[in-house]
Amino acid sequence: MAELMFGRDEECRLIKNYLSSNRSEFVAVYGRRRVGKTFLLRQTLGDDICFYFTGMDNVTMNEQLQNFDITLRRYYPAARPSENWLDAFDQLRDYIEICKQEQKVIFIDELPWLDSLRSNFIPAFEHFWNSWASARSDIKLFVCGSATSWMLDNIINNHGGLYNRTTHQMYLEPFSLGKCKEYFDAYHFGYSQKEVADFYMIFGGIPYYMSLMDREQSLLQNVDRLIFSLKGELRQEKDVLFRSLFRHSEDYVAIIDALSEKNKGLTRAEILDATGLTNNTLFGKRLQELEKCEFIRKYTDYSNRQRNVLYQLTDPLCHFWHSVVSRNQHQDSEFWSHSQNTPLFNTWSGLAFEMLCLNHVPQIKQALGISGIQSSV
């Protein structure tokens, strides 16, 4: 089911525009894990790719370079072992210069993993783009990575050699509730509108989670199989999710855990008290990154006379994990099926539906015929 491009028409259109431009392009695609960044680029770029390389997680610089050399030799047999990243990119330049494709499309996946300790990857990457690729008109460089904090710091908001060098940035958002319904309808799941809403209230609009659904099973059975069974594919998903998105993920998890205890949200000072984290610019950056990745939202409570800003957990999967999964103390492999119509389910569903509404305010306003009216939520 995941072999067909679905729900990314606008992103595909933009990528094709970048490919047909008359200048070199440096496009950074970022977004949370499982949202479909790699799939989108591989499917859209297709046979236009003249060099594709993906980094390896948690390996040394020498192992990354060896991986790069093996990949490059598949395209360019004359390549020799690279001494460092500067040498590696110099050899990539040699190959690109003899590549016969009209547009030289380079796709580097999981870019953050290449920046291992003391690797000097970023200076070499900067030099490759600034001294050679950007001066041409035929280089189409696409990079992506799930480590959002790294992508923001080192590529998109870089204040060094890559400052303002990306020609385009693309944040890949999860699907909306409407897109989820279109997906389940297209693949003949036969889910009711309520079942589609329940799916979104658990998983959010993450395409990968949708691809794991078995249409021969009910929604309840799918949730039990994926999350609560001993061999469930998503049994450890919450921990893996934050480790893949953020370096020093424990800080981000601490913030999420604190916010999960207060449905209304917490002020910055209250989060600091709950987590024990240091009140500095780094802490503010953590909040901004969680907000950028749509795990939390920042708002001012209508009834708050002091107008203090609150931070509220809005991510469906995190909310489900704290409200439901963490309550499965007896490791029941059918916990979700057994929880239906219990106080636990009723409490979760009410709050989760509120989050669903918060995540679809523009759609709700349009349906009510008030989309042109300024409002706060």
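In this report, the structure presented in the accompanying data block is examined. (Residues numbered from 1 in each chain as written. Predicted model: local features only at pLDDT ≥ 70, side-chain atom pairs only at ≥ 80, totals over all residues. Heavy atoms only, no water.)

Thoughts on the overall build of the chain
Okay, so step 1: The number of helices and strands found in the chain is 18 helices and 7 strands.
Okay, so step 2: Relative to the 2.2 N^0.38 estimate, which gives 21 Å for 377 residues, the radius of gyration of the chain is 23 Å and therefore close to what a compact globule would have.
Okay, so step 3: If you line up the chain on its principal axes, its C-alpha atoms span 65 × 50 × 50 Å.
Okay, so step 4: Evaluated residue by residue, the chain yields a buried proportion of 51% over its 377 residues.
Okay, so step 5: Sequence-distant contacts, at least 24 apart, represent 69% of the contacts inside the chain between residues at least 6 apart.
Okay, so step 6: Of the roughly 18,700 Å² that the chain leaves accessible, carbon and sulfur atoms contribute 47%. (Helix = DSSP H or I, 4+ residues; strand = E, 2+ residues; numbered from the N terminus. Rg over C-alpha atoms; globule rule 2.2 N^0.38 Å. Buried < 20%, exposed > 50% of the residue type's maximum accessible area, 1.4 Å probe, protein only. Contact = heavy atoms within 4.5 Å. Areas by Shrake-Rupley, 256 points an atom, 1.4 Å probe, with all protein chains shown as cover.)

Re the nonpolar core
Okay, so step 1: Core analysis: the largest hydrophobic core is formed by 55 residues, its most contacted members being F142, F203, I227 and F320.
Okay, so step 2: For this core, the element with the most residues is helix α8 (residues 193–203), which contributes 7 residues.
Okay, so step 3: Setting aside residues no more than four positions away along its own chain, F320 makes contact with I202, V223, I227, F228, V325, W336 and W348.
Okay, so step 4: Ranked by size, the runner-up nonpolar core spans 41 residues in total, among them A28, F89, F121 and M151. (Core = buried A, V, L, I, M, F, W, Y, C linked by side-chain atoms within 4.5 Å.)

As for the packing of helix α1 (residues 9–19) against helix α2 (residues 37–45)
Each packed pair of helices is defined by two parameters, the angle between the axes and the distance between the axes.
Okay, so step 1: Closest axis-to-axis distance for the α1/α2 pair is 10 Å, and the angle between their directions is 55°. It follows that α1 is oblique to α2 by the angle criterion. As α1 runs across α2, the sense of the crossing is right-handed. For the pair α1 and α2, the contacting residues are E11, C12, I15, K16 and L19 in the first and L40, L41, T44 and L45 in the second.
Okay, so step 2: Looking at the contact of α1 with α2 residue by residue, the class counts come to 6 nonpolar, 1 polar and 2 charged. (Axes fitted to C-alpha atoms, helices over the stretch in contact; angles between N-to-C directions. Parallel < 35°, antiparallel > 145°, perpendicular 65-115°, else oblique. Left-handed = near helix turned anticlockwise from the far one by under 90°. Nonpolar A, V, L, I, M, F, W, Y, C, P; charged D, E, K, R; others polar.)

Quick look at a nonpolar patch on the surface
Okay, so step 1: A cluster of nonpolar residues, I364, L368, I370 and I373, forms a patch on the protein surface that exposes about 360 Å² of accessible area.
Okay, so step 2: With respect to the helices and strands, I364 occurs in helix α18 (residues 361–368). (Patch = residues over 30% accessible without salt bridge, like charges linked within 9 Å, V, L, I, M, F, W, Y side chains within 5 Å. Salt bridge = Lys/Arg side-chain N within 4 Å of Asp/Glu carboxyl O.)

Re the sheet that holds strand β4 (residues 139–145)
Okay, so step 1: Pairing is parallel across the open sheet formed by 5 strands, whose spatial order is β2-β3-β4-β1-β5. Looking at the sheet topology across the chains shown, the edges are occupied by β2 (49–54) and β5 (168–171). Recorded for the sheet is a direction-independent mean angle of 15° between the axes of neighbouring strands. (Pairing = 2+ DSSP bridges.)

Overview of unusual backbone geometry
Okay, so step 1: One non-glycine residue with positive phi stands out, namely E294, at about 65°.
Okay, so step 2: Within the element layout of this structure, E294 appears in the loop between α14 (281–292) and β6 (296–300).
Okay, so step 3: Classification of E294 by relative accessible area gives partly exposed; the value is 34%.
Okay, so step 4: You will see that Q331, though not glycine, has its phi angle at about 55°, which is positive.
Okay, so step 5: A relative accessible area of 45% places Q331 in the partly exposed class.

Looking at helix α6 (residues 148–156)
Okay, so step 1: Counting buried positions over the 9 residues of α6 gives 8, a clear majority of the element.
Okay, so step 2: Those residues of α6 that fall on the buried side of the exposure criterion are T148, S149, W150, M151, L152, N154, I155 and I156.

Some remarks on the packing of α6 against α14
Okay, so step 1: Between α6 and α14, the least distance of the axes is 10 Å, while the angle of their chain directions is 110°. The orientation of α6 with respect to α14, classified from their angle, is roughly perpendicular. Across the interface between the two elements, S149, L152 and D153 of α6 pack against K285, E289 and K292 of α14.
Okay, so step 2: Residues belonging to the contact of α6 with α14 are distributed by class as follows: 1 nonpolar, 1 polar and 4 charged.

Quick word on the packing of aromatic side chains
Okay, so step 1: With the rule as written, the count across this model stands at 41 aromatic pairs.
Okay, so step 2: Geometrically, the ring pair formed by F26 and W129 is tilted, given 5.1 Å between the ring centres and 50° between the ring planes. You can see F26 sitting in strand β1 (residues 25–30) and its partner W129 sitting in helix α5 (residues 121–131), a full 103 residues away along the chain.
Okay, so step 3: We classify W129 as buried; its relative accessible area is 3%.
Okay, so step 4: In this structure, R42 packs its charged tip against the face of Y52, placed 4.6 Å from the ring centre. (Phe/Tyr/Trp six-rings, centres within 6.5 Å; stacked < 30°, edge-to-face > 60°. Lys NZ or Arg CZ within 6 Å of the ring centre and 35° of its normal.)

Regarding the pairing of β2
Okay, so step 1: The element β2 is largely enclosed, with a buried count of 5 among its 6 residues.
Okay, so step 2: As defined by bridge partners, β2 adjoins strand β3 (residues 104–109) across 5 bridges and the pair is classed as parallel. Bridge assignment links Y52 to a residue of β3, and that residue is F107.

A word on the pattern of salt bridges
Okay, so step 1: Under the criterion given, the structure shown has 15 salt bridges.
Okay, so step 2: Among the salt bridges present, the one from E237 reaches R33, with a minimum N-O distance of 3.1 Å. One end of the pair, E237, is in helix α11 (residues 237–245); the other, R33, is in the loop between β1 and α2, and 204 residues separate them in sequence.
Okay, so step 3: Residue E237 is classed as buried on the basis of its relative accessible area, which comes to 3%.
Okay, so step 4: A salt bridge links R286 to D251; the shortest N-O distance between them is 3.5 Å. On the criterion of sequence distance, the pair formed by R286 in helix α14 and D251 in helix α12 (residues 249–260) is long-range, its members being 35 residues apart.
Okay, so step 5: Judged by relative accessible area, D251 falls into the buried class, the value being 18%.
Okay, so step 6: Via salt bridges that share partners, R33, R34 and E237 belong to a single interconnected network.

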